[in-house]
Amino acid sequence: MEPYSNYNQNEFFTDIIEALHMKADTFMYNLSHHNPYEMLLYVWIYKLYNKKKSIEEATQLIYKARNILLLHSSQAFCNTPQ
């Protein structure tokens, strides 16, 4: 995994956040206020960094995980009884 060796943790986090079309300052503000979405993304990015994933690979895995989370928790967003 050659691309990984060129990144330190801060660069990795910043590049992933930008790849997800988010602003780093907004992400960090929301993270510091313990917003659930940013907290979850932070944990995912941290784990992917530790697994030495490339930026492209990590971004794709986050897209997939986010889609699975949204698909399986769609019932949680509905307040109507089933």
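Sequence order as written defines residue numbering, which begins from 1 separately in each chain. For this predicted model, a pLDDT threshold of at least 70 governs which residues receive local features, and a threshold of 80 or more governs which side-chain atom pairs are given and counted, while totals over whole chains, interfaces and linings are taken from all residues. The basis for every side-chain value is the complete set of heavy atoms in the structure, and neither hydrogens nor water enter the calculation.

**Q** What is the right way to read the nonpolar core from this model?
**A** The nonpolar side chains of soluble globular proteins are, as a tendency, buried together. Among the nonpolar cores identified, the biggest contains 16 residues, and F12, I16, L41, I45 and I62 are the most heavily contacted of them. Numbering of helices and strands runs from the N terminus, with a helix taken as a DSSP run of H or I at least four residues long and a strand as a DSSP run of E at least two residues long. Ranked by residue count, the leading element in this core is helix α3 (residues 36–50), at five residues. The set of buried Ala, Val, Leu, Ile, Met, Phe, Trp, Tyr and Cys residues whose side-chain atoms join them within 4.5 Å is what this entry labels a nonpolar core. Burial status follows relative accessibility: with a 1.4 Å probe on protein chains alone, a residue under 20% of its type maximum counts as buried, one over 50% as exposed, and anything between as partly exposed.

**Q** Can you help me understand the packing of aromatic side chains in this one?
**A** Geometry of an aromatic ring pair is reported as the spacing of the ring centres plus the angle between the planes. When the centres of two rings from Phe, Tyr and Trp lie within 6.5 Å, Trp using its six-membered ring, the rings pair. Their planes under 30 degrees apart give stacked, over 60 give edge-to-face, and anything left gives tilted. Within this structure, the stated rule accounts for three aromatic pairs. Measuring from centroid to centroid gives 5.2 Å for F13 and Y42, while their planes differ by 50 degrees, and the two rings are tilted. With F13 in helix α1 (residues 9–19) and Y42 in helix α3, this residue pair connects regions lying 29 residues apart in the sequence. Connected via pairs of aromatic rings, a cluster forms that spans F13, Y42 and Y46.

**Q** Got a minute to help me understand the packing of α3 against helix α4 (residues 55–72) in this structure?
**A** The geometry of α3 relative to α4 is characterised by a closest axis approach of 11 Å and an angle of 140 degrees between their N-to-C directions. Between α3 and α4, the interaxial angle falls into the category oblique. As for how α3 packs across α4, the hand of that crossing is right-handed. Within the contact between the two elements, α3 uses Y37, L40, L41, W44, I45 and L48 and α4 uses A58, L61, I62, A65, R66 and L69. Residues are grouped as follows: Ala, Val, Leu, Ile, Met, Phe, Trp, Tyr, Cys and Pro are nonpolar; Asp, Glu, Lys and Arg are charged; all remaining types, including Gly, are polar. Classifying every residue of the contact of α3 with α4 gives eleven nonpolar, no polar and one charged. Angular values range over 0 to 180 degrees, each being the angle between N-to-C directions of two axes fitted as lines to C-alpha atoms, with helices fitted over their stretch in contact. Each angle receives one of four descriptions, namely roughly parallel if under 35 degrees, roughly antiparallel if over 145, roughly perpendicular if within 65 to 115, and oblique otherwise. What makes a crossing left-handed is the near helix being turned counterclockwise from the far one by less than a right angle; a clockwise turn instead makes it right-handed. Between two residues, a contact is recorded if the distance between any of their heavy atoms is within 4.5 Å.

**Q** Quick question: what am I supposed to make of the environment of T14 here?
**A** When you line up the elements, T14 lands in helix α1. As used in this structure description, the phrase polar contact means that two N or O atoms lie within 3.5 Å; if the pair is within protein, one of them must be able to donate a hydrogen and the other to accept it, and residues adjacent in sequence are counted only when both atoms belong to side chains. At 2.9 Å, the side chain of T14 and the backbone oxygen of N10 are in polar contact.

**Q** Can you help me understand the pattern of salt bridges in this one?
**A** Pairing is possible between side chains of opposite charge, provided their charged atoms come close. Whenever Lys or Arg places a side-chain nitrogen within 4 Å of a carboxyl oxygen from Asp or Glu, that contact is recorded as a salt bridge. This structure, assessed with the given rule, holds one salt bridge. Note that E57 is salt-bridged to K53, the shortest N-O span being 3.7 Å. On the accessibility criterion, E57 (31% relative accessible area) is partly exposed.

Everything listed is a geometric property; what it means functionally is a separate question.
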